[in-house]
Amino acid sequence: MKKQAAGLINQKISIYKYEDTPNDSGGSEPNEVLYWATSSEVLLLKASRNLEQNQEKLRPVALFKCRYRDDKFLIADMAIKWRGQSFSIIDVEIDYVYKEYITIRCISGKAP
């Protein structure tokens, strides 16, 4: 894996998990709870024109690359907020060999 320049991990992101909290009617409601606030490199990916023609409402994809932490466990049921936008986590790739980076692939908007 290529070494990452430290200056590229300069965007502040917040990662949220969903927890059920009881409501007055005896049920529960999902609420966002801050799980991790960190710095990340952000890469917004554009779809090719061929994909855009076949998909009417293709949501933007973003990659967030942050430093590895062995005490943080990210799953697809979490969300990232960056510059006022919400992103749903699709996939998490962890560099288990060098334990340097976590790459998080997301789509724009909240999970359905």
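Look up: the structure comes first, before these words.
Residues numbered from 1 in each chain as written. Predicted model: local features only at pLDDT ≥ 70, side-chain atom pairs only at ≥ 80, totals over all residues. Heavy atoms only, no water.

Engineer: Which parts of the structure should I look at to understand the overall build of the chain?
Structural biologist: Looking only at helices and strands, the chain has one helix and six strands in total. Going residue by residue from the N terminus, the α and β elements of the chain occur as β-β-α-β-β-β-β. Taken over 112 residues, the chain has a buried fraction of 26%. At a minimum sequence separation of 6, the contacts of the chain that also span at least 24 residues come to 55%. Just so you have it, the chain exposes about 7,900 Å², and 49% of that area is on carbon and sulfur atoms. (Helix = DSSP H or I, 4+ residues; strand = E, 2+ residues; numbered from the N terminus. Buried < 20%, exposed > 50% of the residue type's maximum accessible area, 1.4 Å probe, protein only. Contact = heavy atoms within 4.5 Å. Areas by Shrake-Rupley, 256 points an atom, 1.4 Å probe, with all protein chains shown as cover.)

Engineer: Even after reading the chapter, I still don't get the packing of aromatic side chains, so can you show me in this structure?
Structural biologist: Given two aromatic rings, their pairing is described by the distance between the two centres and the angle made by the two planes. What the rule picks out here adds up to three aromatic pairs. With 5.4 Å between their ring centres and 70° between their planes, phenylalanine 64 and phenylalanine 87 make a pair best called edge-to-face. Separated by 23 residues along the polypeptide, phenylalanine 64 in strand 3 (residues 61–67) and phenylalanine 87 in strand 5 (residues 85–94) bring together distant segments of the chain. Across this residue pair, the class does not change: phenylalanine 64 and phenylalanine 87 are buried. Each ring, one from tryptophan 82 and one from phenylalanine 87, has its centre 6.4 Å from the other, and the planes form 45°; the classification is tilted. According to the relative accessible area criterion, tryptophan 82 is buried, its value standing at 7%. These aromatic residues form a ring-pair network of at least three members: Phe64, Trp82 and Phe87. The ring of tyrosine 101 carries lysine 65 above its face, with NZ or CZ at 4.8 Å from the centroid. (Phe/Tyr/Trp six-rings, centres within 6.5 Å; stacked < 30°, edge-to-face > 60°. Lys NZ or Arg CZ within 6 Å of the ring centre and 35° of its normal.)

Engineer: Would you mind going over the sheet that holds strand 2 (residues 28–45) with me for this structure?
Structural biologist: What the six strands build is a closed barrel, ordered 1-2-3-6-5-4; its pairing is antiparallel. With strand direction ignored, the average angle separating the axes of adjacent strands in the sheet is 45°. Bridge analysis of strand 3 against strand 6 (residues 101–108) gives seven bridges, and the strand direction is antiparallel. Bridged to arginine 67 within strand 6 is tyrosine 101. (Pairing = 2+ DSSP bridges. Axes fitted to C-alpha atoms, helices over the stretch in contact; angles between N-to-C directions.)

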